[in-house]
Amino acid sequence: MDITTLVIAMGIPSAVTTFCFGLLQRKITKRQKAEEEKEKARRENEAMVAEGVNAAIVLCVATAKAVQRIPDANCNGDMSSALDYAIEVKNKYRDFIRKQGIDALY
């Protein structure tokens with residue numbers, strides 16, 4: 001067996017292996033990109049849900065305060081305690097989001 005035959009015999013399997021690994025790498029890269037896009041969409045969804053929850057709490061607080069100002073509404077202690085609880089939850093949520101933002105920065 002001469003040197004050229006040996007080089008060709010060693011080169012063909014190496015080329016096939018390199019080609020297969022290239023295809024595999026391309027597939028992995030494509031899958032990672034798709035996962036990153038899904039994660040980005042998930043994060044945007046979570047942000048929108050969080051904003052919706054905060055908006056609902058703010059609306060409830062504003063409605064409760066408006067109802068309390070109506071002279072004939074006869075608000076009982078339930079309305080006041082619910083208002084206090086909503087404000088407390090809103091503040092806890094705001095603090096949580098702020099802490100998460102600071103933790104993400106550092």
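Keep in mind that this is a model prediction, so the values were computed, not measured.

**Q** Hey, could you run me through the packing of helix α1 (residues 3-69) against helix α2 (residues 77-105) in this one?
**A** At a minimum axis separation of 10 Å, α1 and α2 run at an interaxial angle of 150 degrees. One way to sum up the angle between α1 and α2 is to call them roughly antiparallel. As for the relative orientation of α1 and α2, their crossing is left-handed in sense. Here α1 contributes Ala 50, Asn 54, Ile 57, Val 58, Val 61, Ala 64, Lys 65, Val 67 and Gln 68 to the contact with α2, which in turn contributes Met 79, Ser 80, Leu 83, Ala 86, Ile 87, Val 89, Lys 90 and Tyr 93. The residue inventory of the contact of α1 with α2, partitioned by class, reads twelve nonpolar, three polar and two charged.

**Q** When you look at a nonpolar patch on the surface in this model, what are you seeing that I'm missing?
**A** On the surface, Ile 3, Leu 6, Val 7 and Met 10 cluster together to form a nonpolar patch covering roughly 410 Å² of accessible area. Tracing the sequence through the fold places Val 7 in helix α1. Residue Val 7 is classed as exposed on the basis of its relative accessible area, which comes to 54%.

**Q** Please clarify how the environment of Arg 94 should be interpreted in this entry.
**A** Here Arg 94 lies in helix α2. Given the relative accessible area of 40%, Arg 94 is considered partly exposed. Taking the C-alpha atoms as reference, Arg 94 lies 20 Å from Ala 64; in sequence the two are 30 residues apart.

Definitions and cut-offs
Residues numbered from 1 in each chain as written. Predicted model: local features only at pLDDT ≥ 70, side-chain atom pairs only at ≥ 80, totals over all residues. Heavy atoms only, no water. Axes fitted to C-alpha atoms, helices over the stretch in contact; angles between N-to-C directions. Helix = DSSP H or I, 4+ residues; strand = E, 2+ residues; numbered from the N terminus. Parallel < 35°, antiparallel > 145°, perpendicular 65-115°, else oblique. Left-handed = near helix turned anticlockwise from the far one by under 90°. Contact = heavy atoms within 4.5 Å. Nonpolar A, V, L, I, M, F, W, Y, C, P; charged D, E, K, R; others polar. Patch = residues over 30% accessible without salt bridge, like charges linked within 9 Å, V, L, I, M, F, W, Y side chains within 5 Å. Areas by Shrake-Rupley, 256 points an atom, 1.4 Å probe, with all protein chains shown as cover. Salt bridge = Lys/Arg side-chain N within 4 Å of Asp/Glu carboxyl O. Buried < 20%, exposed > 50% of the residue type's maximum accessible area, 1.4 Å probe, protein only.

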